[in-house]
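Inside the fold
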Amino acid sequence: MKNVTSSYLQKKFGDFNEKYFNRVLPPCDMRAVNNCFRLGLYLGGKKIQHPVIYIVKRPLLVKKAFWTEEDLDNIIIHEMIHLYVDKIMHRQTGLFQHGYFYRKVCKRLKKEYG
């Protein structure tokens, strides 16, 4: 997938919010970035009113590689789970941000959607 743009990510956010989260997630800026030390990054928390999700436009370390649509979808959903745990469950996600509540949401999504 060559053209990962912020508007594309925003559309995916809306689609996944409806499909997997019953449209309960609050608005979130989706930003496609060239450089990030992670594949995706959720910035939220109690002090941040309007959360932001950053997604790297293409895989790191391989200059001519591009995301598959499935890879990109998984990264977006991964970051949306962080948003859900933070803003809907009002929980911190624990050590390395993948604690009990994060894993609980992952298990629910896997059970319901495979």
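Residues numbered from 1 in each chain as written. Predicted model: local features only at pLDDT ≥ 70, side-chain atom pairs only at ≥ 80, totals over all residues. Heavy atoms only, no water.

1. Points about the sheet that holds strand 1 (residues 29-33)
Note on sheets: strands pair through backbone hydrogen bonds, and any given pair is parallel or antiparallel. The condition is simple: Between any two strands, at least two bridges found by DSSP are needed for them to pair. In this text, helices come from DSSP runs of H or I with a minimum length of four residues, and strands from runs of E with a minimum of two, each type numbered from the N-terminal end. Each axis is a line fitted through C-alpha atoms, taken for helices only over the stretch in contact, and angles between the N-to-C directions span 0 to 180 degrees. Any two residues whose heavy atoms approach within 4.5 Å at even a single point are treated as in contact.
One open sheet holds the three strands; their spatial order is 1-3-2, and the pairing between them is mixed. At either margin of the open sheet sits one strand with a lone partner, and together these are strand 1 and strand 2 (40-43). Here the average twist between neighbouring strands, direction ignored, is 15°. Across four bridges, strand 2 lies against strand 3 (residues 52-56) in antiparallel orientation. Each bridged residue has a counterpart across the sheet, and for Gly40 the counterpart in strand 3 is Ile55. Helix 1 (residues 6-21) rests against strand 1 and strand 3 of the sheet, and its axis sits at about 140° to strand 1.

2. Focus: the environment of Phe13
Inspection of the secondary structure puts Phe13 in helix 1. Along the sequence, Phe13 and Cys28 sit 15 residues apart, while their C-alpha atoms lie 8.3 Å from each other. Ignoring anything within four residues of it in the chain, the contact list for Phe13 reads Leu25, Pro26, Cys28, Met30, Met80 and Leu83.

3. Notes on the packing of helix 1 against helix 2 (residues 69-88)
The cut-off we apply is this: In this scheme, roughly parallel covers angles under 35 degrees and roughly antiparallel covers those over 145, while 65 to 115 is roughly perpendicular and the rest are oblique. Should the near helix be turned anticlockwise from the far one by less than a right angle, the crossing is termed left-handed; should it be turned clockwise, right-handed. When residues are grouped by polarity, Ala, Val, Leu, Ile, Met, Phe, Trp, Tyr, Cys and Pro land in nonpolar, Asp, Glu, Lys and Arg in charged, and all others, Gly among them, in polar.
At a minimum axis distance of 10 Å, the contact between helix 1 and helix 2 shows a crossing angle of 65°. As summarised for this structure, helix 1 and helix 2 are arranged roughly perpendicular, according to the angle between their axes. Taken as a pair, helix 1 and helix 2 cross one another with a handedness that is right-handed. In this structure, helix 1 uses Tyr8, Leu9, Lys12, Phe13, Phe16, Asn17, Tyr20 and Phe21 to contact helix 2, whose residues at the interface are Glu69, Leu72, Asp73, Ile76, Ile77, Met80, Ile81, Leu83 and Tyr84. Class assignment of the residues belonging to the contact of helix 1 with helix 2 gives a composition of 13 nonpolar, one polar and three charged.

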